[in-house]
Amino acid sequence: MEKVRVGIIGCGKISGIYFKNCKSFQALEVAACADLNLARAEASAEEHGIPKACSVQELLADPDIDLVINLTIPAAHAEVCIQALEAGKHVYVEKPLAVTREEGQRILATAQSKELLVGSAPDTFLGGGIQTCIKLIQDGWIGTPVAASAFMIGRGHEHWHPDPEFYYAPGGGPMFDMGPYYLTALVAMLGPIQRVTGSAKASYSERTITSQPKFGQKIKVETPTHVAGVIDFHSGAIGTIITSFDAFGGAQVPRIEIYGSEGTLSVPDPNTFGGPVLVRRLDAKEFSEIPLMFGYADNSRGLGVLDMAYAIRNKRINRANGELAYHVLEAMHGFHDASREGKHYVMHSSCEKPKPMPSGLVKGVLD
């Protein structure tokens, strides 16, 4: 297959794994990188052997770039995505798709008008762990799914991240930072969401950075930092989710569990690609670990980009697609809206469950 030439915009902390993995995928060629800080782009190019470091506008104007990977901060996601689409490039963006629903809708509308693909992180649900869970559900190992629970509870990123401020701005917080992993995994396993409700609050109005190089600086909190939600899926299953930057995680709290008529499925951390996958059926006294039935169980960020490359060349829909990402974005806003307004939020969007990954994959190859 002819390689898809990729340009990466945003050379911050998350970019390293994208450079590493995308360079290893046979269907991709990382041709250029850009950053508002040109020196940072140049340093990334030198470290990862990228032939071209340039400004954002230069990368967007390059006719040889087929697909832009947008790794900017959430506040810039929509602007950079739309610029890339207007320049005739397919675009894959880090989560969330955008900060607001209106921005997300503009991204999708622009892509449709240009007949281009949109992809969005997370792509962790394409890894061996959650793909194995999807197959177990499809094959009836736990019967009919009736409920789900999901927990992401932690202290917040000011304790380790070098630039944590944007996690407490609109478009940040635990729901918009980590919620995409959990909600995307749930939708991939159980299908689209019908309505949500919940409670959300900022437990502390200010946070103190204890990481370097900004140790001691204060952050004003402008978004909810503890969100508890209830999800009604179109399938009939009911889910609960908690995302928090306000507490230590409980030792016995699962990441995700799916409860079925014939058993329970313990789903691995949706911020990872591997296992373990555990199942307890009705006649079992304890959980048993299930071997992974799919590849890409290590840190495979960029797998969604690889899938996009095959989708572009084979003229199909990519799995971590814009409609899925927008559905998750709307649900995240729905929790906040429901808490603020004291009522259920009925979803306006929907999406297809992503097609399962093929089995027997060789590293760096998809189709």
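Structural notes, computed from the coordinates. (Residues numbered from 1 in each chain as written. Predicted model: local features only at pLDDT ≥ 70, side-chain atom pairs only at ≥ 80, totals over all residues. Heavy atoms only, no water.)

**What to know about empty space enclosed by the protein**
Where empty space is left can be seen by rolling a probe of water-molecule size over the atoms.
Reasoning step 1: Summed over all chains, the structure comprises two cavities of 30 Å³ or more.
Reasoning step 2: Taken as a whole, the largest cavity encloses approximately 90 Å³ of empty space.
Reasoning step 3: Looking at the largest cavity, it is lined by 15 residues, and the ones nearest its centre are Ser120, Ala121, Pro122, Thr184 and Ala325.
Reasoning step 4: Of all the secondary-structure elements, those providing two or more residues to the lining of the largest cavity are α8 (179-190) and α10 (322-341).
Reasoning step 5: By residue number, the principal contributor to the lining of the largest cavity is α10, which donates five residues.
Reasoning step 6: Taken together, the residues that form the lining of the largest cavity break down as eleven nonpolar, three polar and one charged. (1 Å grid on protein atoms, 1.4 Å probe; cavity = no way out; pocket = protein on both sides within 12 Å on 5 of 7 lines; lining within 4 Å. Points joined across faces, edges and corners; volume = space filled by probe spheres on them. Helix = DSSP H or I, 4+ residues; strand = E, 2+ residues; numbered from the N terminus. Nonpolar A, V, L, I, M, F, W, Y, C, P; charged D, E, K, R; others polar.)

**As for the packing of aromatic side chains**
Reasoning step 1: As enumerated under the stated definition, the model contains three aromatic pairs in all.
Reasoning step 2: With 6.4 Å between their ring centres and 75° between their planes, phenylalanine 25 and tyrosine 296 make a pair best called edge-to-face. One end of the pair, phenylalanine 25, is in the loop between α1 (15-24) and β2 (28-34); the other, tyrosine 296, is in the loop between β16 (288-290) and α9 (303-314), with 271 residues separating them in the sequence. In this structure, phenylalanine 25 and tyrosine 296 share a single accessibility class: buried. (Phe/Tyr/Trp six-rings, centres within 6.5 Å; stacked < 30°, edge-to-face > 60°. Buried < 20%, exposed > 50% of the residue type's maximum accessible area, 1.4 Å probe, protein only.)

**Topic: the layout of surface pockets**
Reasoning step 1: Quantified by volume, the second largest pocket comes out at close to 220 Å³.
Reasoning step 2: In terms of lining residues, the second largest pocket is bounded by 13 residues, among which Leu108, Ala111, Gln112, Leu116 and Glu323 are the most central.
Reasoning step 3: Those elements giving two or more residues to the lining of the second largest pocket turn out to be α5 (101-114) and α10.
Reasoning step 4: With four residues, the top contributor of residues to the lining of the second largest pocket is α5.

**Considerations on the pattern of salt bridges**
Reasoning step 1: Taken as a whole and judged by the stated rule, the model has 19 salt bridges.
Reasoning step 2: The partner of glutamate 158 in a salt bridge is arginine 207, with the nearest N and O atoms 3.0 Å apart. Separated by 49 residues along the polypeptide, glutamate 158 in the loop between β7 (145-153) and α7 (173-177) and arginine 207 in strand β9 (residues 206-208) bring together distant segments of the chain. Of the two residues, glutamate 158 and arginine 207, both sit in the buried class.
Reasoning step 3: For arginine 195, the salt bridge is made with aspartate 232, and the minimal N-O distance between the two is 2.5 Å. In this pair, arginine 195 is assigned in strand β8 (residues 193-201) and aspartate 232 in strand β11 (residues 226-233), connecting sequence segments 37 residues apart.
Reasoning step 4: It is possible to trace a salt-bridge network through shared partners that takes in Glu2, Asp66 and Arg313. (Salt bridge = Lys/Arg side-chain N within 4 Å of Asp/Glu carboxyl O.)

**Digging into the side chain of threonine 223**
Reasoning step 1: Looking at where threonine 223 falls in the secondary structure, it is placed in the loop between β10 (218-220) and β11.
Reasoning step 2: If near-sequence neighbours (up to four positions away) are discounted, threonine 223 is found in contact with Tyr167, Tyr168, Ala169, Gly172, Gly173, Ala202 and His336. (Contact = heavy atoms within 4.5 Å.)

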